[in-house]
Amino acid sequence: MSAPLFDALLRLGDDRLVLGHRTSEWCGHAPILEEDIALANIALDHIGQANLLLQYAGAVEGGGRDQDALAYFRDAIEYRNALICELPRGDFAVTIARHFFHGLYSVLQWEALSNSQDATIAGIAAKALKESRYHVRHAGEWVIRLGDGTDESHARAQAAVHLLWPYTGELFLQPVDESALVAAGLTADVSTLEGAWRATVDDVLHRATLTAPDGVWMQRGGRAGRHTEHLGHLLAEMQIVARSHPGAQW
Amino acid sequence: MVAREQVLAWLDEVKDPEVPVLSVVELGVVRDASVGAGGDVTVTITPTYSGCPALRVIEESIRDALLERGVGQVTLHTVYSPAWTTDWIPAAAKAKLEAYGIAPPGPAATESELVPLRRAVASVRCPWCHSTRTVLRSEFGSTACKALWSCDDCGQPFEAFKAI
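Residues numbered from 1 in each chain as written. Chains lettered and ligands numbered in written order. Predicted model: local features only at pLDDT ≥ 70, side-chain atom pairs only at ≥ 80, totals over all residues. Heavy atoms only, no water.

### Examining the overall build of chain A
At step 1: Looking only at helices and strands, chain A features 10 helices and 0 strands.
At step 2: Along chain A, from the amino end to the carboxyl end, the secondary structure elements read α-α-α-α-α-α-α-α-α-α.
At step 3: Computed over its C-alpha atoms, the radius of gyration of chain A comes to 18 Å, within 12% of the 18 Å expected for a compact globule of 250 residues.
At step 4: Projected onto the principal axes, the alpha-carbon positions of chain A cover approximately 55 × 45 × 30 Å. (Helix = DSSP H or I, 4+ residues; strand = E, 2+ residues; numbered from the N terminus. Rg over C-alpha atoms; globule rule 2.2 N^0.38 Å.)

This is how it looks when you write it as structure tokens:
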């Protein structure tokens, strides 16, 4: 069961690593100081969660790779994050909408995983749940503020929802090779989370005077290593120092 | 051979690098300590936040503090469950936080609604003038564990420990 568990941990860890790195691009560039600090903190939480998940992935794999080896020495095709995490940061509305969509997914995922029969996964999930709840509250309040704000903020928020919507379906695709893990109570079936996710999303979008598009084609591929062109560029920036100076300590 | 209580007393002198008025024991980062048959010490710690950058420094400080006092071997054991909560910070330590200028955390109540339209306003007392006419300026502050507030009475900005 260790190979499927390793893959499941990569899916969990890579989502947070890639989204965390993407969010860190706002550091020094956010529209106001408070949001600069907020986005840097959110990025840090994501990378901290990724650190724990990839550390455990390396231990489960048993091949001597630690979290740094997994983060810095895998190519895009070996990454298992959902595509929504790697899309360019876009404007502030895109960043906020993405944190709302993915953060809400994370809350539901951590809630389910905090009951895992695997004590390490349960511990990481219980910890991450508190952080993700905080992120969703921050992002959700901004979705309402932007959507129900000025004509400009409404238009930008609606455009962000339309841009990201086709990438939300992939979050709830349950990989076939995880079925034994789910049956054993080690991981959670993400397809069971979609109903609760959609209910909260609809509620918040309604309050924000925004609408979700109907019947759009859902993109997929990230969980199988088929990524957009954007991930390679992100990894190039994230990995260059570690690859230029392998084994460097500071 | 050193007693467990002595080890915890020593660790109570190790300050958090970002909140130097609290020890790592008061903060709840140190969960336990045990002394092995050969006098080696194992300290069980838990991180405050997954990405808390102070954790590495805390680990080194714990190790150094025990090695300096003659402990031969120090092992750090990190646990994630139960998840760290500000409810572990004792009342006396909360008073120290306020005196230092950081509003201490209230009870870590979980809001039932994920995205509340109007949030129940928990009154945070200004650590400078003790007024409760205070406003949340930012959910996030200079460190992962704090939020940014300001006081309408004395006009001072201040940081408050997030209750989680």
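### Topic: the side chain of R11 of chain A
All names here are of chain A.
At step 1: With respect to the element layout, R11 can be found in helix α1 (residues 2-24).
At step 2: On the basis of relative accessible area, R11 is assigned to the buried category, the value being 9%.
At step 3: Sequence-distant contacts of R11, that is, excluding residues within four places in its chain, are made with P4, R80, P175, D177, E178 and R223. (Buried < 20%, exposed > 50% of the residue type's maximum accessible area, 1.4 Å probe, protein only. Contact = heavy atoms within 4.5 Å.)

### Some details on the domain arrangement of chain B
Residue and element names in this part refer to chain B.
At step 1: Looking at the assigned domains, one finds that chain B contains domain 1 (4-84) and domain 2 (87-161).
At step 2: The straight-line distance from the C-alpha centre of domain 1 to that of domain 2 is 26 Å.
At step 3: Facing the 14 residues of domain 1 at the interface are 13 residues of domain 2.
At step 4: Here domain 1 packs against domain 2, burying approximately 1,200 Å² in sum over the two surfaces, 75% of which is carbon and sulfur. (Domains from an automatic or database assignment. Buried area = accessible area lost by both parts, 1.4 Å probe.)

### Some details on the sheet that holds strand β4 (residues 102-103) of chain B
Residue and element names in this part refer to chain B.
At step 1: Strand order in this open sheet of 4 strands is β4-β7-β6-β5, and the pairing throughout is mixed. Looking along the sheet, the strands with just one partner apiece sit at the ends: β4 and β5 (134-138).
At step 2: Pairing geometry for strand β6 (residues 146-151) and strand β7 (residues 157-161), over 5 bridges, is antiparallel. Across the sheet, S150 pairs through a bridge with P157, a residue of β7. (Pairing = 2+ DSSP bridges.)

### Let's talk about the interface of chain A and chain B
How big an interface is tends to be reported as the loss of accessible area on association of its parts.
At step 1: Contact with chain A, which involves 31 residues of that partner, is made by 30 residues of chain B.
At step 2: Summed over both partners, the interface of chain A with chain B buries about 2,700 Å², with 62% contributed by carbon and sulfur atoms.
At step 3: For the pair chain A and chain B, the interface holds 1 salt bridge.
At step 4: Here chain A is connected to chain B by 7 residue pairs in polar contact (both at pLDDT 80 or more).
At step 5: Looking at the side of chain A that touches chain B, the elements that each hand over two or more residues are α2 (33-61), α5 (92-113), α6 (119-147) and α9 (194-207) of chain A.
At step 6: Top contributing element to the side of chain A that touches chain B by residue count: α6 of chain A, with 15 residues. (Salt bridge = Lys/Arg side-chain N within 4 Å of Asp/Glu carboxyl O. Polar contact = N/O pair within 3.5 Å; in protein donor to acceptor, adjacent residues only side chain to side chain.)

### Looking at empty space enclosed by the protein
All names here are of chain A.
At step 1: Here the structure, examined in full by the defined rule, presents 5 cavities of 30 Å³ or more.
At step 2: Forming the boundary of the largest cavity are 17 residues, of which R11, L12, Q109, E178 and V190 lie nearest the centre.
At step 3: Sorting the residues of the lining of the largest cavity by element identifies α1 and α5 as the ones contributing at least two each.
At step 4: The element best represented in the lining of the largest cavity is α1, accounting for 5 residues.
At step 5: Of the residues that constitute the lining of the largest cavity, the class distribution is 9 nonpolar, 3 polar and 5 charged. (1 Å grid on protein atoms, 1.4 Å probe; cavity = no way out; pocket = protein on both sides within 12 Å on 5 of 7 lines; lining within 4 Å. Points joined across faces, edges and corners; volume = space filled by probe spheres on them. Nonpolar A, V, L, I, M, F, W, Y, C, P; charged D, E, K, R; others polar.)

### What to know about the pattern of salt bridges
Residue and element names in this part refer to chain A.
At step 1: By the definition in use, this model includes 22 salt bridges over all chains.
At step 2: For D75, the salt bridge identified is with R243, shortest N-O distance 3.1 Å. Separated by 168 residues along the polypeptide, D75 in the loop between α3 (67-72) and α4 (83-86) and R243 in helix α10 (residues 229-244) bring together distant segments of the chain.
At step 3: The exposure class of D75 is partly exposed, given its relative accessible area of 39%.
At step 4: Three or more residues joined by partner-sharing salt bridges are found here, namely R11, D177 and E178.

### Some remarks on the sheet that holds strand β1 (residues 30-35) of chain B
Residues and elements named next belong to chain B.
At step 1: If you walk across this open sheet you meet the 3 strands as β1-β2-β3, and the pairing is mixed. Edge positions in the sheet fall to β1 and β3 (74-78), since each of these pairs with one other strand and no more. Put simply, the sheet's adjacent strands are angled 20° from each other on average, direction ignored.
At step 2: Two elements, strand β2 (residues 41-45) and β3, share 5 bridges in a ladder whose sense is parallel. By the bridge assignment for β3, I45 is matched with T78.
At step 3: The strands touched by helix α2 (residues 54-68) are β1, β2 and β3; relative to β3, the strand with the most contacts, the crossing angle is about 150°. (Axes fitted to C-alpha atoms, helices over the stretch in contact; angles between N-to-C directions.)

### A few points about the packing of α1 of chain A against α5 of chain A
All names here are of chain A.
At step 1: Relative orientation of the contacting elements α1 and α5 amounts to 150°, with a least axis distance of 12 Å. As summarised for this structure, α1 and α5 are arranged roughly antiparallel, according to the angle between their axes. In this structure, α1 crosses over α5, and the sense of that crossing is left-handed. Packed against α1, whose contacting residues are L12, D15, R16, L19, R22 and T23, the element α5 presents R98, H99, H102, Y105, S106, Q109, W110 and L113 at the interface.
At step 2: Taken together, the residues of the contact of α1 with α5 sort by class into 5 nonpolar, 5 polar and 4 charged. (Parallel < 35°, antiparallel > 145°, perpendicular 65-115°, else oblique. Left-handed = near helix turned anticlockwise from the far one by under 90°.)

### So, a nonpolar patch on the surface
At step 1: Taken together, the side chains of I240, V241 and W250 of chain A define a hydrophobic patch exposed on the protein surface, amounting to about 430 Å² of accessible area.
At step 2: Of note, V241 of chain A is situated in helix α10. (Patch = residues over 30% accessible without salt bridge, like charges linked within 9 Å, V, L, I, M, F, W, Y side chains within 5 Å. Areas by Shrake-Rupley, 256 points an atom, 1.4 Å probe, with all protein chains shown as cover.)

### Things to note about α2 of chain A
At step 1: Along its 29 residues, α2 of chain A runs 42 Å from first to last C-alpha, staying within 8% of the 42 Å computed at 1.5 Å per residue.
At step 2: Immediately downstream of α2 of chain A, the backbone of G62 of chain A shows phi near 70°, a positive value. (Expected span 1.5 Å × (residues − 1).)

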